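# Breakdown of the fold
Okay, here's what each chain looks like letter by letter:
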Amino acid sequence: MTLALKNLSKTYIENGQSMEIFRDLNLTIESGSFVSLIGPSGSGKSTLCNLIAGIEKPDQGQILLDDQEITGMPGHVGYMFQKDLLLPWRTLRENVTLGCDLRRQDKKISSVEAIKGLEHFGLLDFADYYPHQLSGGMKQRGALLRTILFGQPTLLLDEPFGALDALTRREMQLWLLSIWIETKHTVLFITHDIEEAILLSDKIFVLSKYPAEVVEIIDVPFPRPRDPELIFSSGILPLKTKLFHLLGT
Ligand SMILES: Nc1ncnc2c1ncn2[C@@H]1O[C@H](COP(=O)(O)OP(=O)(O)OP(=O)(O)O)[C@@H](O)[C@H]1O
């Protein structure tokens, strides 16, 4: 589904002071594409996800999925928060079906979907483990599976790998690419990591400091399937340098 943000404005008022996060922000993510959003810390990336997910409302503007308005309406996109947020008192299997339970989906159907998904994500042997018994990478895979089982074709992934060590992070990026190539979700991926954005994305949107605007839209020119060695090649240096400088603006 194509996700479009039209003239979005949002101001927070905190202790009597107003902070304008977005003014007339416009952005379109084509159906089935993988778009990364990078921007300085505090530029409003998580706020944008909360607005798209309908957890918060903009002061002005519209959010559209395939031309249907979803502004302020939760439940239309899958949303994976910065932290994995698996519930500690639920097993992995119970965690991944959380969205299905909230939608009051038939438990038998959710259970079959969960088993299939856990198997596919290499987590079946850990289905009855609790989150504290899982590694960081497993928790993130579990959280992504839960987001996918929520059943919406549009995913917001807010820095899903930010807390992982470099090697696990690389493994997870390649794994996410393989999942996306199969499912073809429309993905909005938030990251601070320039190499991660280049390796994964069709397009990279660069946000300025707040009030945030899109300062540049970059088409990532490297063919798919992406070679994991891409990030070590000299070919990406000009793009890396450009993004690095843009982030400083
Ligand atoms: N509910 C809120 N009430 C008041 N201010 C808020 C609220 N949520 C976020 N902010 C402020 O809005 C600004 C943008 O925050 P946000 O978390 O969206 O930025 P971000 O780009 O995701 O940051 P980071 O990259 O560090 O995760 C910050 O200055 C933050 O303090």
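An unreviewed UniProt entry lists the protein chain under the name ATP-binding cassette domain-containing protein, with Dehalobacter restrictus as the source organism.

### Focus: the packing of helix 5 (residues 136-149) against helix 6 (residues 166-183)
The interhelical angle for the contact between helix 5 and helix 6, taken along N-to-C directions, is 30°, at an axis separation of 10 Å. Relative to helix 6, the element helix 5 lies roughly parallel. For the pair helix 5 and helix 6, the sense of crossing is right-handed. Of helix 6, the residues touching helix 5 (which contributes Gly136, Gly137 and Gln140) are Thr168, Glu171 and Met172.

### Structural notes on the sheet that holds strand 6 (residues 78-80)
Strand order across the open sheet formed by 6 strands is 6-7-8-3-9-10, with mixed pairing between neighbours. Two strands in the sheet have a free side with no partner beyond their single neighbour: strand 6 and strand 10 (214-219). Neighbour-to-neighbour, the strand axes of this sheet turn through a mean angle of 15°, independent of strand direction. One ladder, built from 5 bridges, connects strand 7 (residues 154-158) with strand 8 (residues 186-190); its direction is parallel. The residue bridging Leu156 from the neighbouring strand is Leu188, located in strand 8.

Parameters at a glance
- Residue positions are given per chain, counting from 1 as you read along its sequence in written order.
- The predicted nature of this model means local features are confined to residues of pLDDT at least 70 and side-chain atom pairs, given and counted, to a pLDDT of 80 or more, with totals for whole chains, interfaces and linings taken over all residues.
- Structural elements are reduced to axes, namely lines fitted to C-alpha atoms, with helices fitted over the stretch in contact, and the angle between N-to-C directions of any two is expressed from 0 to 180 degrees.
- Under the DSSP-based scheme used, a helix requires at least four consecutive residues in state H or I and a strand at least two consecutive residues in state E, with every element numbered from the N terminus.
- Every angle not falling under 35 degrees, over 145, or within 65 to 115 is termed oblique; those three ranges are roughly parallel, roughly antiparallel and roughly perpendicular.
- Handedness of a crossing is defined here by the sense of rotation of the near helix relative to the far one, left-handed for an anticlockwise turn of less than a right angle and right-handed for a clockwise turn.
- We call two residues in contact if the C-beta atoms placed from their backbones are at most 7 Å apart.
- Paired strands, in this sense, are two strands between which DSSP finds at least two bridges.

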